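The residues making up each chain are set out below.
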Amino acid sequence: MGHVIALCGGVGGAKLEFGLSRVLPAADLTIVVNTGDDFEHLGLAIAPDLDTVTYTLAGLADRERGWGLADETWSFMAALTRLGLEDWYLLGDHDLATHVERTRRLAAGETLSAVATDLAARLRVTHALTPMSDQPVRTWVDTDAGPLAFQPYFVRERCAPVARGVRFEGAAGARPSPAFAAALARPDLDAIVICPSNPYLSIDPILAIPKVRAAIEAAAAAVVAVSPIVGGQAIKGPAAKLMRELGHAPSVSAVADHYRGLIDGLVIDTVDAADAAALRKTGLAAHVTGTVMRGDDDRIALAVETLAFAARLGGGRTRRLG
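Residues numbered from 1 in each chain as written. Predicted model: local features only at pLDDT ≥ 70, side-chain atom pairs only at ≥ 80, totals over all residues. Heavy atoms only, no water.

Visitor: Explain the pattern of salt bridges to me, please; I cannot follow it from the model alone.
Guide: A side chain of one charge can pair with a side chain of the opposite charge when the charged atoms of the two come close. In the structure shown here, the tally under the stated rule is 16 salt bridges. Across the pair Glu245 and Lys241 runs a salt bridge, and its minimum N-O distance is 2.5 Å. With Glu245 and Lys241 both in helix H10 (residues 239-245), this residue pair falls four residues apart, about one helical turn. We classify Lys241 as partly exposed; its relative accessible area is 25%. (Salt bridge = Lys/Arg side-chain N within 4 Å of Asp/Glu carboxyl O. Helix = DSSP H or I, 4+ residues; strand = E, 2+ residues; numbered from the N terminus. Buried < 20%, exposed > 50% of the residue type's maximum accessible area, 1.4 Å probe, protein only.)

Written as structure tokens, this is what we have:
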């Protein structure tokens, strides 16, 4: 296989990215991370998905929580609470170093891409990891309680308000990061993998950047997605709840419909094997395998299965155009 682009958000996407990074040489993989979740908090530039993916690839992530650093301490948060300050967003003592350094360098004029690449290299991540854009794109959720920026909705309110819609401020004026744009233009691009991240909150912000969706649709590469829905439920996060509130029954068919015209194939879990035939009748290729990643062996196995599926599909543009 030639080059592979993988699009992802945080925890679920990071797990598959780990598997892909163990299967593919560093030169053959570009990891593109959602930055719609980024925000400024306590004067710090926070990039949750970038950090989750970086820590996961570096082998430093907290396996229990799925985010943050292993063996973290929380003295800073305790001090915030003692002072009666905002303590709804957890910032670990060791994690703070990443945020402080990112904030310092962005304020000095560096791009988010440059900072992310350097921080990943310092943690010995060898695969190319890039934000979706160097321009700010911010996810907002319109709810029955009013519009909420993503982190207050997701963390402070714990996704309790009923969602009415999702929008991406700044997307219209954003551009793909240089590494993302370069990867999309590679003549040896063979596969684009959409990781099992939330389609609405993690992947749609990437696709909202002008020309990105069109470039993927036009790519000769096979485009495959891994469903984040298993047995009608999300493995982690609010995907199933959000889908119901936006009028879609959480299912692999709903995921397929969401990506219709963009992907050539969908990887679904064995729990949903009975849905494979219906997906194929719509013209979409379907591959059934275990998609729940409980450990490193599962992550690597799913990466192998997903890449093999993409390789079998071959060139994608002709098939997508019928």
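Back to the write-up after that little detour.
Visitor: So what exactly am I meant to see when it comes to the pairing of strand E1 (residues 3-8) here?
Guide: In the case of a regular strand, side chains alternate between the two sheet surfaces. Most of E1 is tucked away: six of the six residues are buried. In E1, alternate side chains face the same way, and those of His3, Ile5 and Leu7 on one face and Val4, Ala6 and Cys8 on the other are all buried. Summarising the sheet, E1 and strand E9 (residues 189-194) pair through five bridges and their orientation is parallel. Across the sheet, Ala6 pairs through a bridge with Val193, a residue of E9. The pairing of E1 with strand E2 (residues 29-33) spans five bridges and is classified as parallel. The residue bridging Ile5 from the neighbouring strand is Thr30, located in E2. In this region the chain leaves E1, passes through helix H1 (residues 11-23) and returns to the parallel neighbour E2; the handedness of that crossover is right-handed. (Pairing = 2+ DSSP bridges. Right-handed = clockwise from strand over helix to strand, strands pointing away.)

Visitor: What am I meant to see in the nonpolar core here?
Guide: Here is a general trend for soluble globular proteins: nonpolar side chains tend to be buried in one another's company. Counting residues in hydrophobic clusters, the biggest one holds 51 residues, and the most contacted among them are Ile5, Leu7, Ile192, Ile194, Ile216, Ile263 and Leu266. Setting aside residues no more than four positions away along its own chain, Ile192 makes contact with Ile5, Leu7, Leu184, Ile216, Ala219, Ala221, Ala222, Val223 and Val224. With 35 residues, the next largest nonpolar core counts Leu24, Ala222, Val267 and Ala285 among its residues. (Core = buried A, V, L, I, M, F, W, Y, C linked by side-chain atoms within 4.5 Å. Contact = heavy atoms within 4.5 Å.)

Visitor: Looking at this structure, how should I read H1?
Guide: One turn of an α-helix holds 3.6 residues; hence residues three or four places apart share an orientation. Relative to the 18 Å expected for 13 residues at 1.5 Å per residue, H1 spans 19 Å between its end C-alpha atoms, a close match to the ideal helical length. Burial in H1 covers these residues: Val11, Gly13, Ala14, Leu16, Glu17, Phe18, Gly19, Leu20 and Ser21. Along its buried surface, H1 packs onto E1, E2, helix H2 (48-57), E9, strand E10 (222-226) and helix H13 (296-313). (Expected span 1.5 Å × (residues − 1).)

Visitor: What is the right way to read the sheet that holds E9 from this model?
Guide: The pairing of strands in a sheet happens through backbone hydrogen bonds and is either parallel or antiparallel. Here we have seven strands laid out as an open sheet, ordered E5-E2-E1-E9-E10-E13-E14, and parallel in their pairing. Bordering the open sheet on either side are strand E5 (128-131) and strand E14 (285-289), each of which pairs with just one other strand. The mean angle between the axes of side-by-side strands here comes to 20 degrees, regardless of whether they run parallel or antiparallel. Where E9 meets E10, four bridges bridge the pair, whose relative direction is parallel. Counted as the bridge partner of Ile194 is Ala225 from E10. On the sheet, H2 packs against E1, E2 and E5 and is oriented at approximately 170 degrees with respect to E5. The strands that helix H8 (residues 199-207) touches are E1, E2 and E9; relative to E1, the one it contacts most, it runs at about 125 degrees. (Axes fitted to C-alpha atoms, helices over the stretch in contact; angles between N-to-C directions.)

Visitor: Explanation requested: the packing of aromatic side chains in the structure shown.
Guide: Pairs of aromatic rings are described using the distance from one ring centre to the other and the angle between the two planes. Scanning the model with the defined rule gives four aromatic pairs in all. Between Phe39 and Tyr89, the ring centres sit 5.0 Å apart and the planes meet at 70 degrees, which makes this aromatic pair edge-to-face. One end of the pair, Phe39, is in strand E3 (residues 39-41); the other, Tyr89, is in the loop between helix H3 (75-82) and helix H4 (95-107), and 50 residues separate them in sequence. Both residues of the pair, Phe39 and Tyr89, count as buried. Here Tyr89 falls in the buried class, since its relative accessible area comes to 11%. Taken together, the ring pairs in this structure connect Phe39, Trp88 and Tyr89 into an aromatic cluster. For Arg22, the ring lying beneath its charged end belongs to Phe18, and the centroid distance is 4.0 Å. Against the face of Phe18 rests Arg299, its NZ or CZ located 5.2 Å from the ring centre. (Phe/Tyr/Trp six-rings, centres within 6.5 Å; stacked < 30°, edge-to-face > 60°. Lys NZ or Arg CZ within 6 Å of the ring centre and 35° of its normal.)

Visitor: Could you clarify how one ought to interpret the packing of H4 against helix H5 (residues 112-122) in this entry?
Guide: To characterise two packed helices, one gives the angle between the axes of the helices and the distance between these axes. Interhelical geometry of H4 versus H5 gives an angle of 145 degrees and a closest axis separation of 10 Å. H5 is crossed by H4, and the crossing has right-handed handedness. Contact with H4, carried on its side by Thr98, Glu101, Arg102, Arg105 and Leu106, involves Leu112, Ala114, Val115, Asp118, Leu119 and Arg122 of H5 and no other residues of that element. Looking at the contact of H4 with H5 residue by residue, the class counts come to five nonpolar, one polar and five charged. (Left-handed = near helix turned anticlockwise from the far one by under 90°. Nonpolar A, V, L, I, M, F, W, Y, C, P; charged D, E, K, R; others polar.)

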